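# Examining the three-dimensional arrangement
Chain by chain, the residues:
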Amino acid sequence: MTEPTRFHVEGIPAPQGSKRHIGRGVLIESSKALKPWRERVAWTAREHHVPLRAGAVAVQLAFVMPRPTSTPKRRTPPAMRKPDLDKLVRGVFDALSGLCFEDDARVVDLRATKRLAAIGEKPGLTVTISDLPQELSA
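All of the points below concern the structure found in this document.

Rules behind the numbers
Residues numbered from 1 in each chain as written. Predicted model: local features only at pLDDT ≥ 70, side-chain atom pairs only at ≥ 80, totals over all residues. Heavy atoms only, no water. Helix = DSSP H or I, 4+ residues; strand = E, 2+ residues; numbered from the N terminus. Areas by Shrake-Rupley, 256 points an atom, 1.4 Å probe, with all protein chains shown as cover. Expected span 1.5 Å × (residues − 1). Buried < 20%, exposed > 50% of the residue type's maximum accessible area, 1.4 Å probe, protein only. Contact = heavy atoms within 4.5 Å. Salt bridge = Lys/Arg side-chain N within 4 Å of Asp/Glu carboxyl O.

### Focus on the overall build of the chain
Summing up its helical and strand segments, the chain has 3 helices and 6 strands in all. In sequence order, the chain lays out its α and β elements as β-β-β-α-β-α-β-β-α. For the chain, the exposed area adds up to about 8700 Å²; of that, 53% sits on carbon and sulfur atoms.

As structure tokens, this is what we get:
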């Protein structure tokens, strides 16, 4: 079993939302920020030499979203606005499939959180990937 891998990606997390049909069977991603975000996630995983896992894995994703200027200065409310957490997860899984785990179907335990950045904190994502023992994944 490989040791759990943990790495941090700086930047504004981008959701993988719906695709837009532009004609002749061509679909494009609705978010222009998605491709650079996925590239940044993949590049950071490569930089940390994350091993490719073939078995069942557990993944923890902790998203830190930019703090809007309208956010109170004395407290940090929950991040209840868009983007949706499931769309953020989808973009990250596409970036890590074939790189950290063979396919996102290998992820059998997922824990994802989304919160606003604290005052002075930069937005980003912390990823933790762990192998699951065979008896737990069967």
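Moving on from the coordinates now.
### With respect to helix 2 (residues 85–96)
Its 12 residues give helix 2 an end-to-end C-alpha distance of 17 Å, which sits within 8% of 16 Å, the value for a rise of 1.5 Å per residue. All buried positions along helix 2 are accounted for by L88, V89, G91, V92, F93, A95 and L96. At its buried positions, helix 2 is contacted by strand 1 (5–10), helix 1 (34–47), strand 4 (57–65), strand 5 (107–116) and strand 6 (124–131). Positioned one or two residues after helix 2, G98 has a phi angle of 80°, which is positive.

### Regarding the pattern of salt bridges
With the rule as written, the count across this model stands at 5 salt bridges. Here R53 and D131 are joined by a salt bridge, their closest N and O atoms 3.1 Å apart. With R53 in the loop between helix 1 and strand 4 and D131 in strand 6, this residue pair connects regions lying 78 residues apart in the sequence. Of the two residues examined, R53 and D131, each falls in the buried class. R111 serves as the salt-bridge partner of D109, at 3.3 Å between the closest nitrogen and oxygen. You can call D109 partly exposed: its relative accessible area is 24%. What makes R111 exposed here is its relative accessible area of 51%.

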